[in-house]
Amino acid sequence: MFNLLKHHIKCVALILILTITSLRVGAQMRVGNIEGRVVGAEGEGIYAAMVIIAGTTQGAATDVDGHFIIRNIAAGHITLEVKLLGYTNRTLSVDVVAGHSISTGDIVMQPIDKELNEVQVVGKSAVRRQQEMAFAVSVVDMSMAYNSTISMGNIVGKESSVRVREDGGMGSNYSFSINGFSGNQVKFFLDGIPMDNFGSSFSLSTLPSNMAERIDVYKGVLPVELGSDALGGAINIVSRRNANYLDASYSFGSFNTHKINISGAYTSENGFSLRTTLYANYSDNDYKVNVQIVDLATGAKGGYRKVRRFADAFRSLGTWTELGVVGKPWADRLLVGIIASASENKIQTGATMDAVYGGIVSVNHSIVPTLRYSKDDIFIDGLSLSLFGTYGAVGTEYTDTLARRYNWLGEWTETTTRGEFSLSDSKIGNREWQAVATLSYIMTEHQSLTANNSFSTNVRKSRNDAVPDEPTNDVEQNLTKNVSALGYKVNFDKWNLLAFLKNYHLANSTYKQFDIFTDNERWEKVSSTKNKVGYGAALTFFPIADVQIKSSYEQACRMPEVNEMFGDGLIQKSNTDLKPETSRNFNIGAGYSRVFRNGQRLSVDANFIYRNSEDFIRKGVSVSSNPTTSYDNLGKVKTRGVEGGVKYESQFFHVGGDVTFQDIVDDARTVKVTGSYVGSGETENVTYGQRLPNIPYLFANGEFGVRFSNVGLQHSVLTLDYNCSYVHEYFLSFPGLGSVSSKKIIPEQTNHSLAVGYTFSDGRYSIAGECNNLTDAELYDNYKLQKPGRSFSVKLRYFINKK
């Protein structure tokens, strides 16, 4: 499979190169364009800097990422002036070539050290600008994590109201929870592109942190540009925008873990652009777990022992490569690309660790050609268009054919039937199309309209060669979704408002088993269509300097996903009767952020959330000798929660923390009964008012770090960082059912980690070391699924950025 992936990458890359080199610009022009990016000393984009052609009024302001473009400049030699209050002015010479867009690369601005009438004025980075929007959003500056060995997902998991839940080590199943919404209720984007159809081998658990400039974590209403059916949260990875750079790293650590990451970009003076990210990961995942040992001869359970996992290895590789042109009169950006990835995962256990497997293997592979186009001021001034399209071939293979039963010592005995969990030599093939279009129009200086349409369709076929007579073999299943949105925005210095309207459409066709355990048992084709309407608004204002208040309301809807309805072919079972879930979401929060004259920054924020959800889609676990999972609708769920955080930063150290409490309860007084031997109707809901199980409700994070300059070498930086996380205990099942002694509990846990980093030669070379789970505590995100104990890792990094 990995050799096949390499072959596909080579073929597609050749096709892309031939396509790009065949592009022609028909008419030569007497004018050209200049584009570039204004950045701070750490490479962060600076917003609202003015870039002016000296001696004229022609110029442009930088956007939230620091980018600018000046169009229709007469060919010849010019001087650019870059200005922003609080920074030293910059000038540079540029030769404008007719019919071309010339890139200045990154223009670095240095802050003014002296006081200015005892008031410090600073330019706003993309991170800061994003935080000041009306949305409830946390912005993770990834430049602070480039030397870290932890995954991109776990970096995001340090944010308030966010929990990353993993089943084990590298490559294990994981899910994100934001304010109680989890799994597919939280959507993922890459540069605003939905990642639903990219395959599990191209996800936050495998992608390198060095490819991202920042990550926006939305905790409620989403921007209209992120066309999606997220119920109450989303994560948008914003890739690095450096015009020319190379960032390469290698890390190694405990459990025979290795990671190789290469990210880079090249942009020529005539507008040709090539951007790529390559990664490879491997781990034996042979960490120790505390488990009961089963005597295979008698089936009796013995005492608990610490033993190593023996069949849990994971490996993955992937690339995201784009090439095309930028800064042309007919396109600000036209890029064709390829997302190609593959992973192989040995499955050691099921939904709990009571099941032990030794020969089950899962393989995932995806080839996703992509096309991106964007153009500002298209046809008329103020009108912007962006388009994105993909066709994906995503496949999953499960192999479970051994006639064996294992225990945690790696011992096994022959069984009379094949299949440790369920006999399977299955292949699931998905053909997925996706198209996203966004049209924005700036009506006036303070008003704008945005329209977005996001369409996707998935055609799935599966076949289990171990059971050739399976009636569902090669039967086509289809899921089609379309989300349309229209937004209106008003933006002033002290406040801004967004109002929007959405329409959701879902169509699916699949098969369903009827009259089980009767003589009339059969499979039948079923299909359905569903439509929903959503709406909402978000408001923010600054009553006084440094104080911001945000509020939002949304009637949200989310359609079921492919795996939720059709299953994963192994542990997760299908549920073709799943209904769309809806939620009325309300957020209100306040924040204080102050930058002092000496560069110190203090930030404090607090937020209140309210969710009233219907047909809530919840993942359940069947606790048995071969446990499985499935998704079901829960009538009504009500969520109330608060979160708060504080952070202090200076040139020499930083300290901060956050805490989240969320009370998520079953709010249905009655439940419907259908297909019962005693008839249909409604009955009293015995779990009404009880907290939903298997969801953390109280957790916190803390951090402290120090920074020293010029230690040993000039232009070097030494950093020491400590992080901790705490999760209060919570129940696997509803707390009001059964006796207290019978309750299954995910225990209280605290994780401590230490990291040291050393960077020299102005950031070109870096070495970092980390220790995670310093106290070697038993950590769980899900019931009886232990995460790795104490581990160590080292990362070596090389970085060069052409200014």
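Here, the structure is the one placed above.
The present account deals with the structure reproduced in this document. (Residues numbered from 1 in each chain as written. Predicted model: local features only at pLDDT ≥ 70, side-chain atom pairs only at ≥ 80, totals over all residues. Heavy atoms only, no water.)

This paragraph deals with empty space enclosed by the protein. A complete count under the given rule lists seven cavities of 30 Å³ or more for this structure. Volume-wise, the second largest cavity comes out at about 120 Å³. What lines the second largest cavity is Lys 187, Pro 194, Asp 196, Gly 227, Ser 228, Asp 229, Gln 434, Ser 454, Ser 456, Lys 481, Asn 482 and Val 483. Looking at the lining of the second largest cavity, the elements with two or more residues in it are strand S30 (447-464) and strand S31 (477-491). The greatest single-element share of the lining of the second largest cavity, amounting to three residues, is contributed by S31. Its residues assigned to classes, the lining of the second largest cavity shows two nonpolar, six polar and four charged. (1 Å grid on protein atoms, 1.4 Å probe; cavity = no way out; pocket = protein on both sides within 12 Å on 5 of 7 lines; lining within 4 Å. Points joined across faces, edges and corners; volume = space filled by probe spheres on them. Helix = DSSP H or I, 4+ residues; strand = E, 2+ residues; numbered from the N terminus. Nonpolar A, V, L, I, M, F, W, Y, C, P; charged D, E, K, R; others polar.)

Further remarks concern the sheet that holds strand S4 (residues 59-61). What the four strands build is an open sheet, ordered S4-S3-S6-S7; its pairing is antiparallel. Here the strands that pair on one side only, and so sit at the sheet edges, are S4 and strand S7 (90-96). When strand polarity is set aside, the average angle formed by the axes of neighbouring strands in this sheet is 20°. Inspection of the sheet shows strand S6 (residues 76-83) paired to S7 by seven bridges, in the antiparallel sense. (Pairing = 2+ DSSP bridges. Axes fitted to C-alpha atoms, helices over the stretch in contact; angles between N-to-C directions.)

The next subject is the nonpolar core. Judged by nonpolar contacts, the single largest core of 32 residues is most densely connected at Met 142, Met 152, Phe 176, Phe 202 and Ile 235. Counting residues per element, the ones that place at least two in this core are helix H3 (152-156), strand S11 (162-166), strand S12 (174-178), strand S14 (187-190), strand S16 (212-218) and strand S17 (234-239). With near-sequence residues (within four places) excluded, Met 142 lies in contact with Met 152, Ile 155, Ser 209, Ala 212, Glu 213, Arg 214 and Ile 215. In terms of nonpolar packing, the next biggest core, distinct from the first, is built from 21 residues, Ile 34, Phe 68, Leu 84 and Ile 107 among them. (Core = buried A, V, L, I, M, F, W, Y, C linked by side-chain atoms within 4.5 Å. Buried < 20%, exposed > 50% of the residue type's maximum accessible area, 1.4 Å probe, protein only. Contact = heavy atoms within 4.5 Å.)

With that settled, consider unusual backbone geometry. The backbone of Asn 256 sits at a positive phi, close to 55°, despite the residue not being glycine. Positionally, Asn 256 belongs in the loop between strand S18 (245-253) and strand S19 (257-267). At Asn 773, a residue that is not glycine, the phi angle is positive and equals roughly 55°. With respect to the helices and strands, the residue Asn 773 is situated in the loop between strand S46 (765-772) and strand S47 (780-782).

Turning to the environment of Lys 795, a few remarks are in order. Note on placement: Lys 795 falls in strand S49 (residues 791-801). Looking at Lys 795, the relative accessible area reads 4%, which means it is buried. Once you skip the residues sitting within four places of it in the chain, Lys 795 turns out to touch Tyr 146, Asn 147, Ser 148, Thr 149, Ser 209, Asn 210, Ser 249, Tyr 250, Ser 251, Ser 766, Ile 767 and Ala 768. Within the structure, the side chain of Lys 795 is placed 3.1 Å from the side chain of Asn 210, a separation counted as a polar contact. (Polar contact = N/O pair within 3.5 Å; in protein donor to acceptor, adjacent residues only side chain to side chain.)

A word on the side chain of Ser 613. Along the chain, Ser 613 falls in strand S36 (residues 601-622). Judged by relative accessible area, which is 1%, Ser 613 ranks as buried. In terms of polar contacts, Ser 613 uses its side chain to reach the side chain of Ser 583, at 3.0 Å. Contact partners of Ser 613, with chain neighbours within four places excluded, come to Phe 181, Thr 582, Ser 583, Gly 635, Lys 636 and Val 637.

The next thing to look at is the sheet that holds S11. In space, the three strands of this open sheet follow the order S11-S12-S13, with antiparallel pairing throughout. Two strands close off the open sheet at either side, each with one partner strand: S11 and strand S13 (181-182). Pairing geometry for S11 and S12, over five bridges, is antiparallel. What sits directly across from Val 164, in S12, is Phe 176.

Bridge count for strand S25 (residues 356-375) against strand S26 (residues 383-400) is 13 bridges, and the pairing is antiparallel. Counted as the bridge partner of Val 361 is Thr 399 from S26. Where S26 meets strand S29 (residues 424-442), 18 bridges bridge the pair, whose relative direction is antiparallel. Paired with Leu 383 across the two strands is Tyr 441, which belongs to S29.

Before going further, it helps to examine the packing of aromatic side chains. Aromatic ring pairs are described here by two measures, namely the spacing of the ring centres and the angle between the planes. Counting across every chain of the model gives 16 aromatic pairs. Between the aromatic rings of Phe 176 and Phe 188, the centroid separation amounts to 5.2 Å while the plane-to-plane angle is 70°, which identifies the pairing as edge-to-face. A residue pair is termed long-range when its members are at least 10 positions apart, and Phe 176 in strand S12 and Phe 188 in strand S14 qualify at twelve residues. We note that Phe 176, like Phe 188, is buried. Ring geometry for Tyr 391 against Trp 433: centres 5.1 Å apart, planes inclined by 50°, an arrangement best described as tilted. With Tyr 391 in strand S26 and Trp 433 in strand S29, this pair connects stretches of sequence that are 42 residues apart. Of the residues examined, Trp 433 reaches a relative accessible area of 37% and is grouped as partly exposed. Three or more aromatic residues link up through ring pairs in this structure, and these residues are Tyr 758, Phe 760, Tyr 765 and Tyr 798. Seen from the ring of Phe 699, Arg 163 lies directly overhead, with NZ or CZ sitting 5.5 Å from the centre. Arg 404 extends its terminal NZ or CZ atom over the ring of Trp 412, reaching a point 3.6 Å from the ring centre. (Phe/Tyr/Trp six-rings, centres within 6.5 Å; stacked < 30°, edge-to-face > 60°. Lys NZ or Arg CZ within 6 Å of the ring centre and 35° of its normal.)

For the rest of this paragraph, the subject is the pattern of salt bridges. This structure, assessed with the given rule, holds 27 salt bridges. For the salt bridge of Arg 797 with Asp 247, the shortest nitrogen-to-oxygen distance reads 2.8 Å. With Arg 797 in strand S49 and Asp 247 in strand S18, this residue pair connects regions lying 550 residues apart in the sequence. For the pair Arg 797 and Asp 247, one class covers both residues: buried. Notably, a salt bridge pairs Arg 691 with Asp 663, separated by 3.0 Å at the nearest N-O pair. Taken as a pair, Arg 691 in the loop between strand S40 (679-684) and strand S41 (698-709) and Asp 663 in strand S38 (residues 653-666) lie far apart in primary sequence, 28 residues in all. (Salt bridge = Lys/Arg side-chain N within 4 Å of Asp/Glu carboxyl O.)

All quantities given are derived from atomic positions and should not be read as evidence of function.
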